[in-house]
Amino acid sequence: MMKKLALILEGGGMRASYAAGALTAMVEKYKLTKPRLIIGSSGSVGTAAYYAARQYSHIKTVWPNLLANKRLINPYRFWNILDVDYLVDEVFKKQAPLDLTALHNSETEYLIPTTDYETGKIRYFSNRKQDDMFEAIRAGKALPIISKRIVKIKGRMYGDTYASTLTELHMEQAVRRGAEKIIVINNGMATRFAQTTFGLWYYWQTKRFRDRYYKYKERSKRIKFPQRVQFLRLSPLKQLRVTTLSSDSRLVQESFQQGYEEAATNAELYKFLHD
């Protein structure tokens, strides 16, 4: 079952704490530890990394204790609202170290979707290759406007845009890599403010960059998957109170716990994993 299973974790900044909770429940309640593939975009990049490295306890402690604070997110630090350098250099390297050896040796392939800032193309970094995973994680978290960082890897600039968070394209990528069962964990809808802000950001990019995004967006609506592939999407049953840029640890913990409980008691998920 796990050899043909893929997990796709959507982003959403601090709303991705919901996916972290749901993933933790899958480990503890269903013993789901070695799927074929995991893709974590944007806010879920770090969660997916710890999962692939089998550092499950870090997922439970990092979100409320190390991420929900003003060092990572500060709306008044308008030049760098989201500090991805703190996230990578302090959290993932020092405070809750990501085990790179375990990550590269994992039975689960781990993909980080990013956007090439020159071409607008999606680039997946993988633990199966000799990619610098810390820099790939940095790029996968580097949102335009709210983060000052654009990450340079082997001479090219990468970041996190709407293009690299299109779930249907990640589902397509999973099928290409042999997945026949796919679980998507959604973290609720982005606010209208966020959608408008990033829409305006795209407007100021080059025509080549914009056109690539619109092509991806249209293609994502037309993808047809083989009938043999089964899908299950988990979404919050009630609206999350935590927001994309929240630094309130209580709301982050609440979102994590909601994800955990909803996954742990989901009869459809249980059936999907055991059929």
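Residues numbered from 1 in each chain as written. Predicted model: local features only at pLDDT ≥ 70, side-chain atom pairs only at ≥ 80, totals over all residues. Heavy atoms only, no water.

Right, let's talk about the overall build of the protein chain for a bit. In terms of helices and strands, the protein chain carries 11 helices and 8 strands. What you see for the protein chain is a C-alpha radius of gyration of 17 Å, in line with the 19 Å of a compact globule of 275 residues. For the C-alpha atoms alone, the extent of the protein chain along its principal axes is close to 50 × 40 × 40 Å. In the protein chain, buried positions account for 58% of the 275 residues. Long-range pairs, those at least 24 residues apart, make up 76% of the contacts in the protein chain with a sequence separation of at least 6. Total accessible area on the protein chain is roughly 13,000 Å²; 52% of this is exposed by carbon and sulfur atoms. Each charge sign in the protein chain was given a centre, from 45 positive and 26 negative side chains, and these centres are 3 Å apart. (Helix = DSSP H or I, 4+ residues; strand = E, 2+ residues; numbered from the N terminus. Rg over C-alpha atoms; globule rule 2.2 N^0.38 Å. Buried < 20%, exposed > 50% of the residue type's maximum accessible area, 1.4 Å probe, protein only. Contact = heavy atoms within 4.5 Å. Areas by Shrake-Rupley, 256 points an atom, 1.4 Å probe, with all protein chains shown as cover. Lys, Arg positive; Asp, Glu negative; His and termini not counted. Charge placed at Lys NZ, Arg CZ, Asp CG, Glu CD.)

What follows deals with the pairing of strand 4 (residues 122–126). Most of strand 4 is tucked away, with 4 of its 5 residues classed as buried. The pairing of strand 3 (residues 109–116) with strand 4 spans 5 bridges and is classified as antiparallel. Across the sheet, Leu111 pairs through a bridge with Ser126, a residue of strand 4. (Pairing = 2+ DSSP bridges.)

Axes are the key here: two packed helices are described by the angle between their axes and the distance separating the axes. Two elements in contact, helix 3 (residues 56–67) and helix 10 (residues 249–264), have axes whose closest approach is 8 Å; the angle formed by their N-to-C orientations is 150°. Between helix 3, through Ile59, Lys60, Trp63 and Pro64, and helix 10, the contact on the second element is made entirely by Ser249, Val252, Gln253 and Phe256. Of the residues in the contact of helix 3 with helix 10, the class split is 5 nonpolar, 2 polar and 1 charged. (Axes fitted to C-alpha atoms, helices over the stretch in contact; angles between N-to-C directions. Nonpolar A, V, L, I, M, F, W, Y, C, P; charged D, E, K, R; others polar.)

As a further point, take the pairing of strand 2 (residues 37–40). On strand 2, burial covers both faces: Leu37 and Ile39 on one face and Ile38 and Gly40 on the other are all buried. Where strand 1 (residues 5–9) and strand 2 come together, 4 bridges link them in parallel fashion. Note on strand 2: the bridge partner recorded for Ala6 is Leu37. Running through helix 1 (residues 17–30), the crossover from strand 1 to the neighbouring parallel element strand 2 is right-handed. Of the strand pairs in this sheet, strand 2 and strand 3 are connected by 3 bridges, and their pairing is parallel. (Right-handed = clockwise from strand over helix to strand, strands pointing away.)

Another aspect to go through is the side chain of Asn80. Position of Asn80 relative to the elements: it lies in the loop between helix 3 and helix 4 (84–95). By relative accessible area, which is 5% here, Asn80 ends up buried. In this structure Asn80 touches Ile146, Ser147 and Lys148, once residues within four positions along its chain are discounted.

This next bit is on unusual backbone geometry. Among all residues save glycine, negative phi is the norm, and among peptide bonds the norm is trans. In the Ramachandran plot, Lys31 falls in the positive-phi region, its phi being about 55° despite a non-glycine side chain. Locating Lys31 in the fold gives a position in the loop between helix 1 and strand 2. The backbone phi angle of Ser42 is positive, close to 50°, even though this residue is not glycine. Mapped onto the elements of the fold, Ser42 is located in the loop between strand 2 and helix 2 (45–52). For Ser42, a relative accessible area of 8% puts it in the buried group.

With that out of the way, let us pick up helix 6 (residues 133–141). Of all the 9 residues making up helix 6, 9 are buried; the element is thus mostly covered by neighbouring parts of the structure. For helix 6, the complete set of buried residues consists of Met133, Phe134, Glu135, Ala136, Ile137, Arg138, Ala139, Gly140 and Lys141. The N-cap of helix 6, judged by a side-chain oxygen 3.2 Å from the amide nitrogen of Phe134 a few residues on, is Asp132. (Polar contact = N/O pair within 3.5 Å; in protein donor to acceptor, adjacent residues only side chain to side chain.)

This next bit is on the nonpolar core. In terms of nonpolar packing, the biggest core is built from 72 residues, with Leu7, Met26, Tyr110 and Ile183 touching the most fellow members. With 9 residues, helix 1 is the largest single contributor of residues to this core. Beyond its immediate stretch of four places on either side in the chain, Leu7 contacts Leu23, Met26, Leu32, Pro35, Leu37, Ile38, Ile39, Tyr51 and Ile183. Among the nonpolar cores identified, the runner-up in size contains 24 residues, and Ile122, Leu166, Val175 and Tyr202 belong to it. (Core = buried A, V, L, I, M, F, W, Y, C linked by side-chain atoms within 4.5 Å.)

Purely geometric numbers; function is a separate question.
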